[in-house]
Amino acid sequence: MDVGFSSLRSEAVGAMRMALVSAENLQLTLKPEPSQEEQALTHNKSSIKETHKAGNEDLKEMLESNKESLKLEAMKRVVGLISKGKNASELFPAVVKNVASKNIELKKLVYVYLVRYAEEQQDLALLSISTFQRALKDPNQFIRGSALRVLSSIRVPIIVPIMLLAIKEAAADLSPYVRKTSAHAIQKLYSLDPEQKEQLIEVIEKLLKDKSTLVAGSVVMAFEEVCPDRIDLIHKNYRKLCNLLVDVEEWGQVVIISMLTRYARTQFTSPWKEGATFDENNDKAFYDSDSEDKKDTTEAKPYIMDPDHRLLLRNTKPLLQSRNTAVVMCVAQLYWHVAPTQEVNIVTKSLVRLLRSHREVQYIVLQNIATMSIQRKGIFEPYMKSFYVRSTDATHIKTLKLEILTNLANEANISTILREFQTYVKSQDKAFAAATIQAIGRCATNITDVTDTCLSGLVLLLSNRDETVVAESVVVIKKLLQTQPTQHSEIIKHMAKLFDNITVSMARASILWLMGEYCDRVPKIAPDVLRKMAKTFTAEEDIVKLQTVNLAAKLYLTNSKQTKLLTQYILNLGKYDQSYDIRDRTRFIRQLIVPNEKSGALNKYARRILLAPKPAPVLESSFKDRDRFQLGTLSHSLNTKAAGYQELSDWPAVAPDQSVRNVEVIEPVQEWAPSVGKTKKSGKPKSADKFYSDDEEEKEAEGSESSKDSSSSSSEESGSESEEESSEESEKTSSDSGKSSSGSEKSSSESESEPKKKKKTKKAPQKKSKSPAAFSDSDENGNGPVAQASSSSAESSSGSETDSEDSDPPATPQKKKKKDVKSKPKAEVKSKVEVSLLDLVDFSPAPTNAPKSSVISSSLLSDLEGLSLSNISSTMQVTTPSFGPVKTYELLHHMTGKGLSAKYHFPRQPCLYEPSMVAVQVILTNSSDHSLEEIHIGERSPAGLNIHCFNTIERLEPEASVTVSMGIDFSDSTQAAHFQLCTKEDQFSVSIQPAVGELLMPSSMTEQDYSKEQGKLLGMNETSATITMATANTSRLAISKQVLSVCNVGEVPSSQNTVHRFAGRTVNSGALVLVCLELKESSTALLTINTEKSVMASMLLRDLKQPLVQA
Amino acid sequence: MIHSLFLINHAGDIFLEKHWKSVISRSVCDYFFEAKEKAVEPENVPPVLQTPHHYLISIYRDKLFFLSVVQTEVPPLFVIEFLHRVADTIQDYFGECSESLINDNVVTVYELLEEMLDNGFPLATESNVLKEMIRPPTILRSVVNTLTGSSNVGDKLPSGQLSSIPWRRAGVKYTNNEAYFDVIEEIDAIVDKSGTTVFAEIQGVIEASVRLTGMPDLSMTFMNPSLLDDVSFHPCVRFKRWESERALSFIPPDGNFTLMNYHVSSQNLVTIPVYVKQNICFFETGPCGRLDITIGPKQTMGKTVEALMVTIHMPKAVLSANLTATQGNYSYDLATKVLVWDIGKLNPQKLPNLRGSLSLQSGAPKPEDNPSLNIDLKIQQVAISGLKVSRLEMNGEKYKPFKGVKYLTKAGNFQVRT
């Protein structure tokens, strides 16, 4: 019956086939007739293709029709096909005809098609090229842009030259949109034909100069793709990119920040202070810089962040508030890799915020936090609760959170975390529960306080119903016991009891291993376990068998009396096991432990081999080694190096020349920057020399100094001579150019051209600068002889600036002490800077753009300030803050200090170590009869106090004294800095309490700016008082002297005689402090202070009142 | 950067592919399907996968996978963020992001994708720029288009693309000028078995719906800006003003947008609006368990709690639930094992209660762990942190707009452990 049926069926099928074949021959379509089953029997594919073809036929007709709407309809269907991944390539000829269509939507769809299939139909694609070439000249920028987009997307090698030409033209297009498109096209062309690299780099170089925010992101992308190693192209655009960053679209921001991260790591020195190495030469270098190389301004300091480095960090910080998670992550990784360690924590809050975002975002962010929290657990600890796991989290999110919580665990929070873990262990997600047990194990090893708690908790879990939980617990307990096996024989016994109920092989194996390893602690139980194992040996898994053999061997060695037979039995079972691994092991063990006539030398050592103490396993994070990858990258996420991953280089030991980033027309900072690169050579031997010469008689010191000066400045002289020649053409500015030339050691050409340029462009300031010139000239003339007396060689007129400065001290003879020798050279350094900036004096009428430029610039401003003061009234030089200390305070009396006495004063100079510090000079004198050794600074308080200490003074002879400088960051408060001054034998607690006026630094501004700034600081920010002035104080000179004696501010030129204005900034935060004294009739006056630091204002008011009221 | 994009539905069919560089065969997705198979739940698929030649970065949203293929190193968040923008844009254009809608509008989607990326690098992701280039479909427009033959594609470069404020197009005109802001706060909390709060914080968002003529410049100030601990802004907000004055100053995009997200500083105690008394237990003997949940108001600031809903993911062993609710309805989905109790308004006089028995699969072991409850609720007209907008000013335009601020508190990730 059955047979008959099947034969019938096969017949039927055969008949159908016949019919089909005949139908095909007849060119008939049998579509309606055959049912689905039968279709499957025939060639399935061909029939579908057939229908397909038919469909395409009608599409072709539609495309070739005259009706626009039909064509559009057809194109839409074609795009539908493409989107489904179906092949529509045979329509190419019909489609490409429509490339010049007027209908914009049709045209766009044709573009879509063309880009998709041009690679396959290269010859036909060429037909469309001329259309694009024409469109590239279209007046509509949108059309030009999209034409370039499509043209560059057509991957046909023949048109490479056309593309290149089009890209070059578009790069010079007026429309930023078209330029942006050309930046994209660069990458496409590069991937099509890498041969064009050089040409493309030229275009990139040009586009990098583009100031449009629209272009910036795209061109940096092109840069990254084509020539990421050509870091030199970035230099000139670095500052521009930093400044544009906030306005660039979000995707561009990501690309630019990643690129700048790499840039910063190659161009700046490490901000991660390791201290010691740098501090070593610090003080010496410091003095050195005074005496010889005036260039030595930045390099000699311990670490001062390059202003450009700071610029990058400052300009990226607001982007942490971006809504785009990629931008936030990118800034975070920038801070992680580039910022000083103490600044990294500002990113944590933003990263934690991202955890509210989509699941995938959480995943990536958590991965990065996991890596970060290994190295710096402190910064995420306050956010610990944000990492608590919710039952609705995806598994990979849960495990990551667990990882982070484990990383964050410390003595203080471990109890909270363990309580949290308890909930997780009970989770329905068993994989997660197992991971939690692992995490508990890690906490237990890391924090010894809780090891016991964790162990007992884990032992409780052994009675859990879930097998995976139990197994994981056993494994973790095994690891824990291994770290401290001594007190835990109870647990081992407990586990032996559980052994019968545990079925997971890994757990069984772990227990067996524990028995064997610590068999001496459970001498009664271990043999029994072995006995049980002997029974079930054949039914066990391989891993359990191996451990059984191990256990047997170990017991045989320690307790052969009881276990000899058992062991032999097990070894026999193992000998005939199916797994060769077990057979091997058995054979090996037998040879090793069972003594027989053949047994070799190893037998003696069996005990030592098998029962050797084993090191405890280290439980560590799986994210331990991820820090080799840059955060936020794909490679970091996958923990393998992704294609095209660029290693982040280590910080350079020495910063490359920073002047490369200078652009032609710039703010003061850049002008100054070049002096840094050359500083290295400042001779160390000389520095030592100098250091000690301080203690010598001042005249000698001065003599040697100035001679060195002149010799070292010989190159300068020559430079300035040529300068003078050139400046003869315009004689009235000779002093101006002379100064600039001597200041700019870097390159005479630059300084030559610059003043001239200024002369041409700015006539008005030039006149102004004439009067200062006259002053300095007179200085020069007046003091020339003095200088000559002290230094024989300094006769050239071009040495003017050093000489005239040298001769300043004689102008203030009454204050002359030993320390002045030091303060003077410093003034020199300063003046050096000033002078180089002289040509910038005409910037000061519009300083509003200058102050915000960088941290350094504020100190520069003060430099400018000093300069402008000296220019405006030469008499001011006496009191101007830059020249010499005002008051000296006692730090340590020689009675309390057992012979060591210390005094300090505020030199009122921008601190060289860090701009936010106040410079303090300390004079240490040994008034005892024996020499003091190892004078240094010990503990300080408050704990976070940021002090830049002086180097340890090895030895101070009796009656000798030495001056050292320190930097203290008072954080704009008058809270005293306490620290310990230590000698080899003793420690003395001392404190420096700054007067409020010392927390300021002068700031230069014009009268207009002053009133503008004052206008902003009204209301709560204004403090004022009416005072009765002492009659002696009413002159301008007297007033400024009194004010400047109290606080380190700069005088603001005033048009009114009765109003005196002073401006300064707080050292730490740079908040503006404006002091205004308005004289009224009958010697009363209104004293006003405007600043946002109101506490400071009232203190300052009090301090100022006193000297003004007193005669 | 982004090489290709595949849209994959829940069942694992690729229903759309788009390549921005040369074509990559869709067989690359096999690695993804493998991972999907292994992960069981679609949420558990790792977002970043490695294959021999490509890297797959995917997101799962609205039951669809957006799978992108990249070939070289790229910040993964960059791609993820972009994929979410694509999903957002589709949602914005068609009302929701679903397979059928994408299939219906495949040409528009394709045109959008074409504009959003050029050579794998994002070109235009601002919704208003895109809307000027490719107009979203409306019934009216499709009728007009078929009659006149005009198209949905703009022929001019959107002005926003070029200006420094790409989020706003020029020449916006409205007869009714209005600006509405919704301050929505979500409470994230974990409450443990005993009712103590393990963790609680408030996240807020200000959603804006601004329809104003011309180029208005708005500034919004708060009564108590110190509450805001961490903020993120729409690009239109001027960061400098925020830093100096704690005021939001911005030229708004046209239409609906998210103005800012914020986090309320953790020093402020978070008020938990409801308490939950629950008792869920499974008996050692016999395949059943008991459930008893009561919810009552705790600190509601004098407002009523609305749209209260409890969701419980039951252990796999729970077969069915036989419960009675004193208020609202409950449903138990057998496939997903999710029990949902929709309560509605919370009446403080008569507390809603749900009790009854759960039947377990016979033979299965008693579930180790009790499921946790996820609570959803809404409180109108109050921001639970106490944040208040003090004023909203407009400069730059002459007319007087209608202004309004609405407050709403919701439960975010509100979980009660049992």
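Quick note: structure is the one above.
Residues numbered from 1 in each chain as written. Chains lettered and ligands numbered in written order. Predicted model: local features only at pLDDT ≥ 70, side-chain atom pairs only at ≥ 80, totals over all residues. Heavy atoms only, no water.

Right, let's get into the overall build of chain B. In terms of regular secondary structure, chain B is built from eight helices and 23 strands. Long-range contacts, defined here as pairs at least 24 residues apart, represent 68% of the contacts in chain B between residues at least 6 apart. (Helix = DSSP H or I, 4+ residues; strand = E, 2+ residues; numbered from the N terminus. Contact = heavy atoms within 4.5 Å.)

Let's shift gears to the packing of helix H15 (residues 250-267) of chain A against helix H19 (residues 325-338) of chain A. All names here are of chain A. Close contact between H15 and H19 brings their axes to 9 Å; oriented N to C, the two are set at 10 degrees. The angle between the axes of H15 and H19 places the two elements in the roughly parallel class. Taken together, the residues of H19 that come into contact with H15 (itself represented by Glu-250, Gln-253, Val-254, Ile-257, Ser-258, Thr-261, Ala-264 and Arg-265) are Ala-326, Val-327, Cys-330, Val-331, Gln-333, Leu-334, His-337 and Val-338. Of the residues contributing to the contact of H15 with H19, the split by class is nine nonpolar, five polar and two charged. (Axes fitted to C-alpha atoms, helices over the stretch in contact; angles between N-to-C directions. Parallel < 35°, antiparallel > 145°, perpendicular 65-115°, else oblique. Nonpolar A, V, L, I, M, F, W, Y, C, P; charged D, E, K, R; others polar.)

What follows covers the sheet that holds strand E13 (residues 255-264) of chain B. Residues and elements named next belong to chain B. Read across the open sheet, the nine strands follow the order E11-E13-E9-E8-E23-E21-E16-E19-E18; overall the sheet is mixed. A single partner strand is all that each edge strand has here, and the edge strands are strand E11 (228-233) and strand E18 (329-333). The average angle at which neighbouring strand axes cross in this sheet is 15 degrees, direction not considered. Pairing between strand E8 (residues 178-191) and strand E23 (residues 402-416): 13 bridges, direction parallel. (Pairing = 2+ DSSP bridges.)

Next up on the list: the packing of aromatic side chains. As enumerated under the stated definition, the model contains 25 aromatic pairs over all chains in all. When the centroid spacing of 6.0 Å and the interplanar angle of 75 degrees are considered together, the rings of Trp-251 of chain A and Phe-82 of chain B count as edge-to-face. Of this pair, Trp-251 of chain A sits in helix H15 while Phe-82 of chain B sits in helix H2 (residues 76-94), placing the two residues on different chains. Take Phe-82 of chain B: its relative accessible area is 1%, and that puts it in the buried class. Geometrically, the ring pair formed by Phe-32 of chain B and Phe-65 of chain B is edge-to-face, given 5.0 Å between the ring centres and 75 degrees between the ring planes. Taken together, the residues Phe-32 of chain B in helix H1 (residues 29-39) and Phe-65 of chain B in strand E5 (residues 64-70) connect sequence positions 33 residues apart. The same class applies to Phe-32 of chain B and to Phe-65 of chain B, which are both buried. (Phe/Tyr/Trp six-rings, centres within 6.5 Å; stacked < 30°, edge-to-face > 60°. Buried < 20%, exposed > 50% of the residue type's maximum accessible area, 1.4 Å probe, protein only.)

This brings us to helix H26 (residues 467-483) of chain A. Two residues of an α-helix separated by three or four positions point the same way, owing to the 3.6 residues in each turn. For H26 of chain A, with 17 residues, the first-to-last C-alpha span of 25 Å sits near the 24 Å given by 1.5 Å per residue. The element H26 of chain A is extensively covered by neighbouring structure, given that 13 of its 17 residues are classed as buried. (Expected span 1.5 Å × (residues − 1).)

The subject of this paragraph is H1 of chain B. Residue and element names in this part refer to chain B. Buried within H1 are the following residues: Cys-29, Phe-32, Ala-35, Lys-36 and Ala-39. Considered in projection along H1, the buried side chains sweep an arc of 110 degrees and stay on one side of the axis. Away from its buried face by more than 90 degrees, H1 exposes Glu-34, Glu-37 and Lys-38. Against the buried residues of H1 lie strand E1 (2-9), strand E2 (14-19), strand E3 (48-50), strand E4 (55-61) and E5. Directly beyond the C-terminal end of H1, a positive phi value near 65 degrees is found at Val-40. (Arc of directions from axis to C-beta.)

Below, the discussion takes up the pattern of salt bridges. This model, assessed by the stated rule, comprises 54 salt bridges over all chains. As a salt-bridge pair, Glu-114 of chain B and Arg-149 of chain A come within 3.7 Å of each other at their nearest N and O atoms. Here Glu-114 of chain B, found in helix H4 (residues 106-116), pairs with Arg-149 of chain A, found in helix H8 (residues 141-153), and the two come from separate chains. For the pair Glu-114 of chain B and Arg-149 of chain A, a shared accessibility class is recorded, and that class is buried. A salt bridge links Asp-229 of chain B to Lys-349 of chain A, with the shortest nitrogen-to-oxygen separation between them at 3.1 Å. Pair noted here: Asp-229 of chain B is in strand E11 and Lys-349 of chain A is in helix H20 (residues 348-354), and the two residues belong to different chains. A network of salt bridges, in which partner residues are shared, links Lys-108, Arg-149 and Lys-188 of chain A together with Lys-18, Glu-114, Glu-115 and Asp-118 of chain B. (Salt bridge = Lys/Arg side-chain N within 4 Å of Asp/Glu carboxyl O.)

Quick look at the interface of chain B and chain A now. Listed as interface residues are 94 residues of chain B and, on the opposing side, 87 residues of chain A. Here chain B packs against chain A, burying approximately 7900 Å² in sum over the two surfaces, 56% of which is carbon and sulfur. On the surface where chain B and chain A come into contact, there are twelve salt bridges. Here Glu-126 of chain B and Arg-323 of chain A are joined by a salt bridge, their closest N and O atoms 2.9 Å apart. (Buried area = accessible area lost by both parts, 1.4 Å probe.)

Bringing a nonpolar patch on the surface into the picture now. The grouping of Leu-602, Tyr-605 and Ile-609 of chain A at the surface amounts to a nonpolar patch, some 280 Å² of accessible area in total. Position of Leu-602 of chain A relative to the elements: it lies in the loop between helix H32 (580-593) and helix H33 (606-610). (Patch = residues over 30% accessible without salt bridge, like charges linked within 9 Å, V, L, I, M, F, W, Y side chains within 5 Å. Areas by Shrake-Rupley, 256 points an atom, 1.4 Å probe, with all protein chains shown as cover.)

Moving on: the sheet that holds E4 of chain B. Residue and element names in this part refer to chain B. Strand order in the open sheet formed by five strands is E2-E1-E5-E4-E3, with antiparallel pairing between adjacent strands. At either margin of the open sheet sits one strand with a lone partner, and together these are E2 and E3. Ignoring strand direction, the axes of neighbouring strands in this sheet form an average angle of 20 degrees. Pairing of E1 with E5, which is carried by seven bridges, proceeds in the antiparallel orientation. Bridge pairing in E5 places Ile-2 opposite Val-70.

This part takes up the nonpolar core. Judged by nonpolar contacts, the single largest core of 258 residues is most densely connected at Tyr-113, Leu-351, Phe-387, Phe-421 and Ile-593 of chain A together with Phe-66 of chain B. Not counting the four nearest positions on each side in its chain, Leu-351 of chain A is found in contact with Met-329, Ala-332, Val-365, Ile-369, Met-372 and Phe-380 of chain A. Membership of the second largest hydrophobic core comes to 74 residues, among which are Leu-259, Val-264, Ile-280 and Val-305 of chain B. (Core = buried A, V, L, I, M, F, W, Y, C linked by side-chain atoms within 4.5 Å.)

Residues and elements named next belong to chain A. Of all nine residues in strand E7 (residues 961-969), eight are buried; the element is thus mostly enclosed. Where strand E3 (residues 918-926) meets E7, eight bridges bridge the pair, whose relative direction is antiparallel. From the neighbouring strand, Val-922 faces E7, where its bridge partner is Val-964. As paired elements, strand E5 (residues 946-948) and E7 share three bridges and run antiparallel to each other. In the sheet register, Ile-947 faces E7, and the bridge partner there is Ile-968.

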